Amino acid sequence: MTVSETGPLTTEAGAPVADNQNSETAGLGGPVLIQTQHLIEKLAHFNRERIPERIVHARGAGAYGTFTLTRDVSQWTRAAFLSEAGKQTEVFLRFSTVAGNLGSADAVRDPRGFALKFYTEEGNYDLVGNNTPVFFIKDALKFPDFIHTQKRDPYSGSQEADNVWDFWGLSPESTHQVTWLFGDRGIPASYRHMNGYGSHTYQWSNEAGEAFWVKYHFKTDQGIKNLTQAEANLLAGEDPDSHQRDLREAIERGEFPSWTVQVQIMPAADAATYRFNPFDLTKVWPHADYPPIEIGRLELNRNPENIFAEVEQSIFSPAHLVPGIGPSPDKMLQGRLFAYGDAHRYRVGINADHLPVNRPHATTVRTHSRDGALYDGRHGGAKNYEPNSFGGPFETGRPLWEPSEVSGTTQYSAAPTHAEDNDFVQAGTLYRLMPEDEKGRLIDNLAGFIAKVSRDDIAERAVNNFRQADPDFGKRLEAAVQALRG
Ligand code: NDP
């Protein structure tokens, strides 16, 4: 809907406006009259044009598209949008950087958000992923601390190398993700030229009630393309909106970006004895253990018409699940199940789901929730309580996901480690699979940043994590840091 047809300019209440150039004054050259309602309204609305920006993932771009299922997956999930090959589902995908503010540059070294909303016939399914398969930490309890180190220091007002490396050095579980981030894929050339990952493990369950653990991969059909640090530094200055512009212009040209969608499936019974804790967000499931299975194609083919309405006000939550898809005990995921909804209730409001970009397309939303700011009156005079004797919504009796077994006493403890788990093993694997020239750039990128810290103990702790991932990695990094720090 656009409200910009030619016709008389009006006030917000719809009355015609006589003069949009001059405020009404008391006499020629006299003070402005407060009865110039049009002036009051314009200034008041202008003052309220911004809503709080997202604390993380503030800077982003989005597009609509289509997910096409290309193979039958009903043996693993009863989700209706995954029910038969050839089925198509509308989607909205928001890409983002993580640490930068709303107006920050796109071409920076940072993970990218890959937040996908499927408008399914059973309600919205949000897969709030990233362009990396892993993350820096394993427990949401550490998330605010981690993000504080990425954002502006309370005293200097800038991101500080000391804070970043102090936290990473003291959080060895970050070593895998940091190795990934400072490798070539840490600065994608555009949103089109990177993969997306669901990252967390989720539960799929089929009609018979059998449960599976699943990981999602979205492999770019445009090919992986990255920027070097030097290229990114230039581009961030010349065109801070580079990734947003690239996405919009490609879609305008009819070059619709697409991703091949794959899943890794683990039978529920494997989880307890798998060599890595399958719910640890700092680890992948090696492809050799659970080979990726191609299930679909994701295409982006329509730009939003209004960035504020559709991108800034879009909301995503990993708690938006549909029948046949459920959470896992991943401690980061458990925290996110709360944090995303909470962020949007604060940022956009309690009725954010009434906005077109957020509204489920094919289901009728039937709740007893009512009122609140900007409530659109959708329930009319229907009863707003249950049980009632007047009809209305009823419960289905079938949970979206299958039960998981738990045992033991309540406790504050790290997620259990499995036979081959430690904080460094997969960082080492990643280092060793990089070709020699990429290893060189990885070392340079890391050393350039670590060299900026003010204290030797912080630098040494940081280097030591990479040493434990791979002795050659540590040796070369130590030499490079020493060369820069003198
Ligand atoms: P495989 O050899 O089967 O797969 C290697 C994976 O590494 C591919 O997914 C590849 O992505 C990706 N990759 C290649 N170069 C880079 C890079 N510079 N930065 C990040 N990723 C890269 O090995 P495994 O499955 O045993 O995994 C080995 C390591 O690969 C892991 O420790 C992890 O760091 C990384 N990785 C693993 C993924 C997984 O789900 N198993 C997913 C992504 C990365 P592509 O196919 O797009 O080239």
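The structure presented is a predicted model; accordingly, all values stated were derived computationally and were not measured.

Caption draft 1: Focus on the domain arrangement of the protein. Along its sequence, the protein is organised into domain 1 (60-135 + 190-354) and domain 2 (425-485). Taken over C-alpha atoms, the centre of domain 1 sits 30 Å from the centre of domain 2. If you look at the interface, domain 1 gives 8 residues, while domain 2 gives 4 residues. Carbon and sulfur atoms supply 53% of the area buried between domain 1 and domain 2, which totals about 380 Å² over both sides. Three residues, R109, F276 and K283, lead the burial of domain 1 against domain 2; their summed loss comes to 60% of the area buried on that side. Our count for the contact surface shared by domain 1 and domain 2 stands at 0 salt bridges. Scanning the region where domain 1 abuts domain 2 turns up 1 residue pair in polar contact (both at pLDDT 80 or more). Here the residues of the side of domain 1 that touches domain 2 sort into 3 nonpolar, 3 polar and 2 charged.

Caption draft 2: Main features of the layout of surface pockets. In this structure, the largest pocket occupies an estimated 1400 Å³ of space. Considering the residues around the largest pocket, the lining is formed by 46 residues, among which G123, P360, V365, R366 and T367 are closest to the centre. Residue contributions to the lining of the largest pocket peak at 5 residues, all from helix α8 (residues 331-347). Partitioned by chemical class, the residues of the lining of the largest pocket number 17 nonpolar, 17 polar and 12 charged.

Caption draft 3: Broad picture of the nonpolar core. One finds W165, W168, F182, L446, I450 and L477 to be the most contacted residues of the largest nonpolar core, which totals 40 residues. Three or more residues apiece are contributed to this core by two domains, here domain 1 (60-135 + 190-354) and domain 2 (425-485). Ignoring sequence-local partners within four residues, the contact set of W165 consists of V178, F182, L446, F449, I450, V453, I458, A462 and F466.

Caption draft 4: Representation of the packing of aromatic side chains. As enumerated under the stated definition, the model contains 33 aromatic pairs in all. Measuring from centroid to centroid gives 4.7 Å for Y64 and F92, while their planes differ by 50°, and the two rings are tilted. Taken together, the residues span a long stretch of sequence, with Y64 in strand β1 (residues 60-69) and F92 in strand β2 (residues 88-97) at a distance of 28 residues. Pairing F135 with F136 gives two aromatic rings, centres 5.3 Å apart and planes at 80°, and the pair type is edge-to-face. The structure contains a cluster of three or more aromatic residues connected by ring pairs, namely F135, F136, F143, F146, W165, F167, W168, F182, Y431, F449, F466 and F473. Over the face of the ring belonging to F316 we find K117, whose NZ or CZ atom lies 4.9 Å from the ring centre. In this structure, K383 packs its charged tip against the face of F390, placed 4.4 Å from the ring centre.

Here is what the cut-offs are and how they apply
- Residues numbered from 1 in each chain as written.
- Predicted model: local features only at pLDDT ≥ 70, side-chain atom pairs only at ≥ 80, totals over all residues.
- Heavy atoms only, no water.
- Domains from an automatic or database assignment.
- Contact = heavy atoms within 4.5 Å.
- Buried area = accessible area lost by both parts, 1.4 Å probe.
- Salt bridge = Lys/Arg side-chain N within 4 Å of Asp/Glu carboxyl O.
- Polar contact = N/O pair within 3.5 Å; in protein donor to acceptor, adjacent residues only side chain to side chain.
- Nonpolar A, V, L, I, M, F, W, Y, C, P; charged D, E, K, R; others polar.
- 1 Å grid on protein atoms, 1.4 Å probe; cavity = no way out; pocket = protein on both sides within 12 Å on 5 of 7 lines; lining within 4 Å.
- Points joined across faces, edges and corners; volume = space filled by probe spheres on them.
- Helix = DSSP H or I, 4+ residues; strand = E, 2+ residues; numbered from the N terminus.
- Core = buried A, V, L, I, M, F, W, Y, C linked by side-chain atoms within 4.5 Å.
- Buried < 20%, exposed > 50% of the residue type's maximum accessible area, 1.4 Å probe, protein only.
- Phe/Tyr/Trp six-rings, centres within 6.5 Å; stacked < 30°, edge-to-face > 60°.
- Lys NZ or Arg CZ within 6 Å of the ring centre and 35° of its normal.

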